[in-house]
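Chain by chain, the residues:
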Amino acid sequence: MTLSNAQIERYSRQIILKKIGLTGQKKLLKSKVLIVGAGGLGSPIALYLAASGIGTIGIIDNDKVEISNIQRQIIFNSSDIKKNKSIVAAKKLKRINPNINILYFKNKLKKENINKILKNFDVIADGSDNFKTRFLVNDYCLKNKKILVIGAISKFDGHIYTFNFLKKKSPCLRCFIPRMPSNNEDNCEYEGVLGPLAGIIGSIQANEIIKEILGIGESLCGSILIINSLNLIFRKVKLKKRFKCYCNARQ
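Within each chain, residue numbers correspond to sequence positions counted from 1 in written order. Totals for whole chains, interfaces and linings use every residue, but because this is a predicted model, local features are given only for residues with pLDDT of at least 70 and side-chain atom pairs only at 80 or more, for both listing and counting. Side-chain measures were taken over the full set of non-hydrogen atoms in the model, leaving aside hydrogen atoms and water.

Runs of H or I in DSSP of at least four residues are treated as helices and runs of E of at least two as strands, each being numbered from the N terminus. Note that N228 resides in strand 7 (residues 223-228). Any residue under 20% of the maximum accessible area for its type is buried, any over 50% is exposed, and the rest in between are partly exposed; the area is computed with a 1.4 Å probe on protein chains only. By relative accessible area, N228 is classed as buried at 18%. N or O atoms closer than or at 3.5 Å make up a polar contact, with two conditions inside protein: a donor-capable atom paired with an acceptor-capable one, and, for residues adjacent in sequence, both atoms drawn from side chains. A polar contact of 2.7 Å, which involves the side chain of N228, links it to the backbone nitrogen of N231. Each residue touching N228, except ones within four places of it in the same chain, is listed here: F156, D157 and I233. Whether two residues are in contact is decided by their heavy atoms, any of which lying within 4.5 Å being enough.

Structure follows, in structure tokens:
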């Protein structure tokens, strides 16, 4: 792959970084990332990955934009209300970076379609708002050896997990949460969430994705990053493979 002069200029501030360079930028342009959910987390993930030059970005979300979304879902504005999130997001990303491939899926992700949608992507960014989807994506990525970066937010708190299932020692979501909670939804509607927190967690997810693609820095795989935005406390907690976990039989 040869970068054009326009591409070199566009990505120049990344290319001059010694850990990225032209070789790293080419890796980003060849990579394929699917974003599950175009909401509070999916918005900043998508914006930063598109701007950074991820070659193919997919977005799956079957919801429509609501006025209550706009407080934290920064890819949307008031004129987008009642429109499908994945379509609107795809159009805006294409305007940010017209030279990358943007795919959108208006479907609800489920067992029947997960393979068809996820199979052609290298990295999955989970910004969904329910445990059923997270467990579904976790199990699929584990089985098919994908890199998975999960974010979760509620009130003033956020969690980020990176699972690199290309590595045998990688834990999975079930190592931390063995069984799906009885309350499937993240209750932003009832408990609330601070808008900028979504931007913080989503931006870190984008950062982790780029690191994993390039193989640079210290991977978050094997730890959980816990952030409290009210007191500005960042904690990194070790997450080891649970002996009786589903992932031990799969890896």
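From this point, the narrative continues.
A word on the packing of aromatic side chains. Think of it this way: a Phe, Tyr or Trp ring, Trp meaning its six-membered ring, pairs with another when their centres are within 6.5 Å, and the plane angle makes it stacked under 30 degrees, edge-to-face over 60, tilted otherwise. Counting across every chain of the model gives four aromatic pairs. A ring pair is formed by F105 and F121, whose centres lie 6.5 Å apart and whose planes are at 75°; its orientation type is edge-to-face. Here F105, found in strand 3 (residues 101-105), pairs with F121, found in the loop between helix 6 (114-118) and strand 4 (123-126); they are 16 residues apart in sequence, far enough to count as distant. For the residue pair F105 and F121, the accessibility class agrees, reading buried in each case. Taking the centre distance of 5.9 Å and the plane angle of 20° together, the rings of F163 and F165 count as stacked. Of the two residues, F163 and F165, both sit in the buried class. Pairwise contacts between aromatic rings join Y161, F163, F165 and F176 into one cluster.

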